[in-house]
Amino acid sequence: STTPSLSSGLSPSSTPVDPMLAQQLEAVVLNYFRGVDQKNFTLIQSCFGERCIIRDVCALSATHHNNDDDSTAAASGGTSPQAIPSKTVKSSKMVQRCREFCEAHPDVQVLFHVPPTCLRTTLQNNTETDEPPPQYWVFAHWYELGTWSGTSCGISPPSSPGVPMQVEGQTRFRCCPDTLTIQELVVTRTFTDWEKAFLLREQSTEQST
């Protein structure tokens, strides 16, 4: 029988992932979440190369971007890579969004239902005619606790001492085995009230220009 594909145009290949490499890739993704939890933006930056693709399944805007526009993925980071909106952003801008998210939610804690887990076989894109390089994906099911108690990007919480937040998501991270960096995130998630306000403001700005 055919193994169901895990994403559009992708199916498991016969290439097993070396257990030591799998642990290294999991550690990269864990460091990303640890950077958010510890507000360590240098650590977050170290998890990425110069640019990163972000595909947000639950984005409030369905606009497709293929440029260095600001990332609205905030601090969290995955589903059908071929069929959903994407942004290619500089990693420095993603780190900036993480910082802004943490300014709004200074007590945010990142926890896991399923910690970063590397698929034990690589994936390949079956839609290409030439033999593509294998893809290495790490999955995480995370949730965040805390409060919207800070002002960020000019958006303040509507009450004091703050608005409780409880959001969660499932993210797949495509990682490079050579550089041990995250190349792509595919995100399915919920949003905090601050993120909703920020994203709606950005969407309104786009529509008025």
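Structure: above.
Note that the structure is a prediction, hence the values are computed from the model and not measured. (Residues numbered from 1 in each chain as written. Predicted model: local features only at pLDDT ≥ 70, side-chain atom pairs only at ≥ 80, totals over all residues. Heavy atoms only, no water.)

Asks: Would you mind going over the sheet that holds strand β2 (residues 48-56) with me for this structure?
Replies: Strand pairs in the sheet, formed through backbone hydrogen bonds, run parallel or antiparallel to each other. The mixed open sheet is built from six strands, whose spatial order is β3-β2-β8-β7-β6-β4. Of all strands in the sheet, those with a lone pairing partner are β3 (86-90) and β4 (109-118), marking the two edges. This sheet shows a mean twist of 20° between the axes of neighbouring strands, independent of strand direction. Here strand β6 (residues 136-148) runs beside strand β7 (residues 163-176); their pairing, made up of 13 bridges, is antiparallel. (Pairing = 2+ DSSP bridges. Helix = DSSP H or I, 4+ residues; strand = E, 2+ residues; numbered from the N terminus. Axes fitted to C-alpha atoms, helices over the stretch in contact; angles between N-to-C directions.)

Asks: Just checking my understanding: could you explain the pairing of β3 for this structure?
Replies: Regular strands place their side chains on alternate faces of the sheet. Taking burial as the measure, the five residues of β3 include four buried ones, the bulk of the element. With five bridges connecting them, β2 and β3 associate as antiparallel partners. By the bridge assignment, Cys52 is partnered in β3 with Val89. (Buried < 20%, exposed > 50% of the residue type's maximum accessible area, 1.4 Å probe, protein only.)

Asks: Please clarify how the environment of Gln183 should be interpreted in this entry.
Replies: For Gln183, the location among the structural elements is in strand β8 (residues 181-189). A residue is classified by how much of its surface remains accessible, and Gln183, at 23% relative accessible area, is partly exposed. Linking Gln183 and Thr88, residues 95 residues apart in sequence, is a C-alpha distance of 9.9 Å. Not counting residues within four places of it along the chain, the set of residues in contact with Gln183 comprises Cys52, Ile53, Arg174, Cys175 and Cys176. Within the structure, the side chain of Gln183 is placed 2.7 Å from the side chain of Thr181, a separation counted as a polar contact. (Contact = heavy atoms within 4.5 Å. Polar contact = N/O pair within 3.5 Å; in protein donor to acceptor, adjacent residues only side chain to side chain.)

Asks: How should I be thinking about the packing of aromatic side chains in this particular structure?
Replies: A ring pair, where both rings are aromatic, is described by two values, the distance of the centres and the angle of the planes. All chains considered together, the criterion is met by six aromatic pairs. Considering the side-chain rings of Phe33 and Phe112, the 5.1 Å spacing of their centres and the 90° angle between planes classify their relative orientation as edge-to-face. The class for Phe112 is partly exposed, based on a relative accessible area of 26%. Ring pairing ties together the aromatic residues Tyr32, Phe33, Phe48, Phe112 and Phe173, which thus form one cluster. For Arg172, the ring lying beneath its charged end belongs to Trp137, and the centroid distance is 5.0 Å. Against the face of Phe191 rests Arg189, its NZ or CZ located 4.9 Å from the ring centre. (Phe/Tyr/Trp six-rings, centres within 6.5 Å; stacked < 30°, edge-to-face > 60°. Lys NZ or Arg CZ within 6 Å of the ring centre and 35° of its normal.)

Asks: Quick question: what am I supposed to make of the side chain of Arg174 here?
Replies: Following the sequence through the fold, Arg174 ends up in strand β7. Separated by 2.8 Å, the side chains of Arg174 and Glu184 make a polar contact.

Asks: Is there a simple way to explain the environment of Thr181 in this structure?
Replies: Looking at the secondary structure, you find Thr181 in strand β8. Residue classification places Thr181 among the buried residues on the basis of a relative accessible area of 9%. Ignoring sequence-local partners within four residues, the contact set of Thr181 consists of Val28, Ser46, Cys47, Phe48, Gly49, Arg174, Cys175 and Cys176. Looking at Thr181, its side chain comes within polar contact range of the side chain of Thr179, at 2.7 Å.

Asks: What am I meant to see in the pattern of salt bridges here?
Replies: Two side chains bearing opposite charge may form a pair once their charged atoms approach each other closely. With the rule as written, the count across this model stands at five salt bridges. One salt bridge in this structure joins Arg120 and Glu26, with 2.9 Å as the shortest N-O distance. We classify Arg120 as partly exposed; its relative accessible area is 45%. Assessed through its relative accessible area of 16%, Glu26 is described here as buried. In this structure, Glu184 engages Arg174 in a salt bridge whose closest nitrogen and oxygen atoms are separated by 2.8 Å. Taken together, the residues Glu184 in strand β8 and Arg174 in strand β7 connect sequence positions ten residues apart. Residue classification places Glu184 among the buried positions, given a relative accessible area of 6%. A single network of salt bridges, built from pairs that share partners, joins Arg55, Arg174 and Glu184. (Salt bridge = Lys/Arg side-chain N within 4 Å of Asp/Glu carboxyl O.)

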